[in-house]
Amino acid sequence: MKQRLKIIFVLITFSLLGIIVFQVYWTISAYKVNKEKFDNNINVAMQKAMEDCKVDYIDSVRKVLVRRLSPPETTIKIDTLTMPEKMSLSNNWSHMRFEGPRLPPDVNIYFSNKYIKLNEPYRVNSSLLDRYKSEIGHNATISSVLADMATDIPALREKVLLVLGMYDLQERNFRNINFYKKNPHPTREMQLKFMHTPMQTIYDLPSNYKTADSLKLRTYYISELKKNHINSPFGLRISAQKNLHFKSRLNYSETTEVVYDYHGFVHFKSVGERLFIRAVFTNPQHAILKSMLLPLLLSALLMLFMVFCFIYIIRTFIAQKKLSELKDDFINNMTHELKTPIATMSVAIEGLEKFNALHDVDKTQRYLQTSKNELQRLNQLVTRVLDIAAFENKEVQLNKELVSVDELVAEVIGSEQLKSAKPINITYINKDKIETIYADKTHFRNVLANILDNAVKYSNEPIAIVISSYKSDKHINFSIKDNGPGILSDQVKLIFDKFHRVPAGNIHTVKGTGLGLSYVKYIVKAHGGDVTVKSEINKGSEFIVSLPLGNG
């Protein structure tokens, strides 16, 4: 049995370990797949955030162009290619409608300001002008239409930036001249203040543009990450030159480096300071594991369930093994208990047959009484086994009645003193003068008799047993205290198990079936009560049977 149990234990252990290893391998593989998905999502989110920044940037540039292409800074003339007349148009789109013939297919657009006049016009198809005008709506003006076109058409944008750039350079020169006219001998502090005063030209950048760009990109990037259900802390690595790319790891991620030039007119001029930006996630595993929470939880529950099943199976095998051993021990004890009265009766009958005991009345009576006593003992053993089988099948019926406490205890004491071969001293005290209890007389008598019988069997000589009855906490208590060797604490909780007997090494001086205390607990529970044990090694044991006060 032990060898088979070891083999089963080893097989189940290897099976469980195999399942655990597979689950761990699956978890790691799933994490890697989700990590790749995470890396791809943060890159896509960065590209979309850059597109959002570009839209925002173009919109802001358009507003600047609309303002600067409007009078009085810029004058715009539109000439037809087929008509000799030149019309100087104001900044109202309705003035572009000719009275008479429709606007010709192609027109020339001239740009000028107080510092420069471009002799080379920009030629455009009138249908294109109409398309941009219809996209803007009824509020369209010449400057707004040309601003939109300049953001889309590089050739027109070059014309516009040339005019604006020349204007800004001249304005800067005049600004410098005026400063030194007013301050012939400026201090260094005045010069620094003058130099750091922004002019808002197409060549200048805001003093805090890096911070503004970072905040704008971060805002759009967080918005895109949330759309992908990514809530992981990150940092933006911003520099004026390209950075090395660090390889993605299980606990580290970074996006592809993007070029950010959406400040000032850098994006349209293709010259000026550009920023190289990369989003860095130092702890992406939290967001990845969160996305895997349900599969991981189910996997963990499955593994815990497998471990529970493994433990349950092993405990079941151990319990079966223990039960088998207890049954073997029970059979051995029962064999001894049954053979003893049979052997005694055989000897008595043989004496009557072979030694002429039939002619000796006293001897005959003594042999018959011995046989009767052994038959009673045999009957008690059989009855006890049958009672155990009966209450295990829930077949025991209690016939409760009013029972005199003193008479019941006296009867149990007398019976034990008669059958005991050892001198015993049993003291009974009815502390609260309890007269009667409501119980099944036969079964409750057996309860007290079983406990008292064990006390006599296991007590040290001279045997001194104290039986007392008293009330406490709405219960009636019967205490049976002996002067035996005591019971180990780890055995106390097992003594009421069926077939269990307190181990005593290889010494078997006290015989029994291991059913008595199991029967005691069942009957007491059937009465709605409880039985407890207090025991100290070398000081004895005390069994306390408690019944609800309603039973007395």
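This text goes with the structure placed above it.
Residues numbered from 1 in each chain as written. Predicted model: local features only at pLDDT ≥ 70, side-chain atom pairs only at ≥ 80, totals over all residues. Heavy atoms only, no water.

**As for the overall build of the protein chain**
- Each helix and strand counted, the protein chain has 14 helices and 15 strands in total.
- Here the protein chain holds 552 residues, and the buried ones make up 38% of them. (Helix = DSSP H or I, 4+ residues; strand = E, 2+ residues; numbered from the N terminus. Buried < 20%, exposed > 50% of the residue type's maximum accessible area, 1.4 Å probe, protein only.)

**Side note on the nonpolar core**
- If you look at the biggest cluster of nonpolar residues, it comprises 57 residues, and the most contacted ones within it are Leu65, Phe111, Leu146, Met149, Leu156 and Tyr221.
- Considering each element in turn, this core owes the most residues, twelve residues, to helix H1 (residues 2-68).
- Excluding residues within four positions of it along the chain, leucine 156 makes contact with Phe111, Tyr122, Leu146, Met149 and Ala150. (Core = buried A, V, L, I, M, F, W, Y, C linked by side-chain atoms within 4.5 Å. Contact = heavy atoms within 4.5 Å.)

**Some words on the pairing of strand E8 (residues 275-281)**
- With seven of seven residues buried, E8 lies mostly within the body of the structure.
- Both faces of E8 are covered, namely the face carrying Leu275, Ile277, Ala279 and Phe281 and the face carrying Phe276, Arg278 and Val280.
- Bridge count for strand E5 (residues 235-239) against E8 is five bridges, and the pairing is antiparallel. Bridge pairing in E8 places glycine 235 opposite valine 280.
- Direction of pairing for strand E6 (residues 253-254) relative to E8: antiparallel, over a ladder of two bridges. (Pairing = 2+ DSSP bridges.)

**Details of the side chain of threonine 151**
- Here threonine 151 is to be found in helix H3 (residues 142-152).
- Residue classification places threonine 151 among the buried residues on the basis of a relative accessible area of 12%.

**Observations concerning the packing of aromatic side chains**
- Within this structure, the stated rule accounts for eleven aromatic pairs.
- Taken together, a centroid distance of 5.1 Å and an interplanar angle of 80° make the contact between phenylalanine 179 and tyrosine 180 edge-to-face.
- Judged by relative accessible area, phenylalanine 179 falls into the buried class, the value being 11%.
- Taking 5.3 Å as the distance between ring centres and 75° as the angle between the ring planes, the aromatic pair formed by tyrosine 260 and tyrosine 262 counts as edge-to-face.
- Exposure remark for tyrosine 262: the relative accessible area of 10% places this residue in the buried category.
- Counting every residue linked through ring pairs, the aromatic cluster contains Phe38, Tyr221, Phe234 and Phe281.
- Sitting above the plane of the tyrosine 470 ring, lysine 431 keeps its charged end 5.3 Å from the centroid. (Phe/Tyr/Trp six-rings, centres within 6.5 Å; stacked < 30°, edge-to-face > 60°. Lys NZ or Arg CZ within 6 Å of the ring centre and 35° of its normal.)

**Thoughts on the sheet that holds strand E15 (residues 540-548)**
- Spatially, the five strands line up as an open sheet ordered E10-E12-E13-E15-E14, and their pairing is mixed. Unpaired on one side and paired on the other, strand E10 (424-430) and strand E14 (530-536) mark the two borders of the sheet. Between one strand axis and the next, the sheet turns through 15° on average, direction left out of account.
- Alignment of E10 against strand E12 (residues 463-472), held across seven bridges, turns out to be parallel. Residue pairing in the sheet places isoleucine 426 in a bridge with isoleucine 465 of E12.
- Helix H11 (residues 405-419) rests against E10, E12 and strand E13 (475-481) of the sheet, and its axis sits at about 175° to E10. (Axes fitted to C-alpha atoms, helices over the stretch in contact; angles between N-to-C directions.)

**A short note on the packing of H11 against helix H12 (residues 441-458)**
- Following both chains from N to C, one finds H11 and H12 inclined at 45°, their axes separated by 10 Å at the closest point. When the axes of H11 and H12 are compared, the pair comes out oblique. Two packed elements cross with a definite hand, and for H11 against H12 that hand is right-handed. Here Leu408, Val409, Glu411, Val412, Ile413, Ser415, Glu416 and Lys419 of H11 come into contact with H12, specifically with Lys441, Phe444, Arg445, Leu448, Ala449, Leu452, Asp453 and Val456.
- When grouped by side-chain class, the residues that make up the contact of H11 with H12 number nine nonpolar, one polar and six charged. (Parallel < 35°, antiparallel > 145°, perpendicular 65-115°, else oblique. Left-handed = near helix turned anticlockwise from the far one by under 90°. Nonpolar A, V, L, I, M, F, W, Y, C, P; charged D, E, K, R; others polar.)

**Regarding unusual backbone geometry**
- Residue proline 71 is joined to proline 72 through a cis peptide bond whose omega torsion reads 10°.
- The residue proline 72 is located in the loop between H1 and strand E1 (75-80) in this model.
- Positive phi outside glycine occurs at aspartate 473, with the angle close to 50°.
- Secondary-structure assignment places aspartate 473 in the loop between E12 and E13.
- If you check the backbone angles, asparagine 538 has positive phi at about 70° while not being a glycine.
- Checked against the element boundaries, asparagine 538 lands in the loop between E14 and E15.
- Overall, asparagine 538 belongs to the exposed group, its relative accessible area being 66%.

**A look at a nonpolar patch on the surface**
- Judged by side-chain polarity, Leu294, Leu297, Leu298, Leu301 and Leu304 come together as a nonpolar surface patch covering roughly 520 Å² of accessible area.
- Along the chain, leucine 297 falls in helix H9 (residues 293-354). (Patch = residues over 30% accessible without salt bridge, like charges linked within 9 Å, V, L, I, M, F, W, Y side chains within 5 Å. Areas by Shrake-Rupley, 256 points an atom, 1.4 Å probe, with all protein chains shown as cover. Salt bridge = Lys/Arg side-chain N within 4 Å of Asp/Glu carboxyl O.)

**Quick notes on the pattern of salt bridges**
- Under the criterion given, the structure shown has 17 salt bridges.
- Among the ionic pairs, arginine 445 bridges to glutamate 411, the shortest N-O distance being 3.0 Å. One end of the pair, arginine 445, is in helix H12; the other, glutamate 411, is in helix H11, with 34 residues separating them in the sequence.
- For lysine 539, the salt bridge identified is with glutamate 536, shortest N-O distance 3.6 Å.
- When its relative accessible area of 62% is taken as the criterion, lysine 539 is described as exposed.

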